[in-house]
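Single-letter residue listing:
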Amino acid sequence: MTHELRRLPSLDALKDQAKRLRSRLAPEGGEISHSKSLELIAAQYGYRDWNTLHAAVGNRPPFNPWMLGSRVRGHYLGQPFEAEILSVQALGATGRYRLTFRFDEPVDVVTFESFSAFRQRVTATVDESGRTVERTSNGRPHLELEW
């Protein structure tokens, strides 16, 4: 796999993923060190170790997801998506943004097997980490951006 073909999250987002991995594994008896979680995140993105991934991320300009036309990916109501940002509105000095996305492929927002409801355009308010405050019944944010 060519690493450049896959958009990499920021260093802060990668470290946050490693932190969430550790906290998720700990209650199940799978405690791992911080360095081990970083190595696992690097492997997830196809890199041999954390230092190599760190260098790849550090050698590129920072991604600004708050620009019109930016390409983003993530999960909406637990469903994966890739999308284009159609509008951005900063909500004062709160560090929150109202974004409108156009999904490349419509996302089914219903989990009931005999019914579907597809959405292709969605507006959501996210914080600087790219997550909504609102959560689904299983505790996951309605929208989670990955970069």
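Just above sits the structure.
Below is a short write-up of the structure. Think of each chain on its own: its residues are numbered from 1, step by step along the sequence as written. This being a predicted model, a pLDDT of at least 70 is required before a residue's local features are given, and a value of 80 or more before pairs of side-chain atoms are given or counted; all residues contribute to the totals for chains, interfaces and linings. Hydrogen atoms and water are omitted, and side-chain values are computed over all heavy atoms in the structure.

**Things to note about the pairing of strand 3 (residues 97-108)**
Moving on, step 1. Here strand 2 (residues 79-90) pairs with strand 3 via 7 bridges, running antiparallel. Within strand 3, the residue paired with Ala90 across the bridge is Tyr97.
Moving on, step 2. The turn linking strand 2 back onto strand 3 is made up of 6 residues, and Gly92 within it adopts a positive phi angle of 65°.
Moving on, step 3. For strand 3 and strand 4 (residues 118-126), the ladder comprises 8 bridges, and the chain directions are antiparallel. Along strand 4, the bridge assignment pairs Arg102 with Arg121. Strand pairing follows a simple DSSP-based rule, namely that at least 2 bridges must link the two strands. The helix and strand labels rest on DSSP assignments: H or I over at least four residues marks a helix, E over at least two residues marks a strand, and numbering proceeds from the N terminus.

**Some details on the packing of aromatic side chains**
Two aromatic rings, taken as a pair, are described by how far apart their centres are and by the angle between their planes.
Moving on, step 1. Any two rings among Phe, Tyr and Trp, with Trp reduced to its six-membered ring, count as a pair given centres within 6.5 Å; such a pair is stacked if its planes are under 30 degrees apart, edge-to-face if over 60, and tilted if neither. The tally for this structure, following the rule as stated, stands at 3 aromatic pairs.
Moving on, step 2. Seen in terms of ring centroids, Tyr76 and Phe103 are 5.8 Å apart; in terms of plane orientation they differ by 45°. Their pairing is tilted. Taken together, the positions of Tyr76 in strand 1 (residues 71-76) and Phe103 in strand 3 put the pair 27 residues apart, joining distant regions of the chain.
Moving on, step 3. What links up through ring pairs into an aromatic cluster is the set Tyr76, Phe81, Phe101 and Phe103.

**Here's the deal with the packing of helix 1 (residues 11-25) against helix 3 (residues 50-58)**
Moving on, step 1. Helix axes use the C-alpha atoms of the stretch in contact, all axes being lines fitted to C-alpha atoms, and the angles between their N-to-C directions lie in the range 0 to 180 degrees. Packing of helix 1 against helix 3 leaves a shortest axis separation of 10 Å and a crossing angle of 150°. What the angle tells us is that helix 1 and helix 3 run roughly antiparallel. Residues Leu11, Leu14 and Lys15 of helix 1 form the contact with helix 3, whose own contacting residues are Trp50, Leu53, His54 and Val57.
Moving on, step 2. Partitioning the contact of helix 1 with helix 3 into residue classes produces 5 nonpolar, 1 polar and 1 charged. Orientation is classified from the angle alone, with under 35 degrees giving roughly parallel, over 145 giving roughly antiparallel, 65 to 115 giving roughly perpendicular, and any other angle giving oblique. Two residues qualify as a contact provided that any one of their heavy atoms is within 4.5 Å of a heavy atom in the partner residue. Only Asp, Glu, Lys and Arg are considered charged in this grouping, and only Ala, Val, Leu, Ile, Met, Phe, Trp, Tyr, Cys and Pro are considered nonpolar; every other residue, Gly among them, is considered polar.

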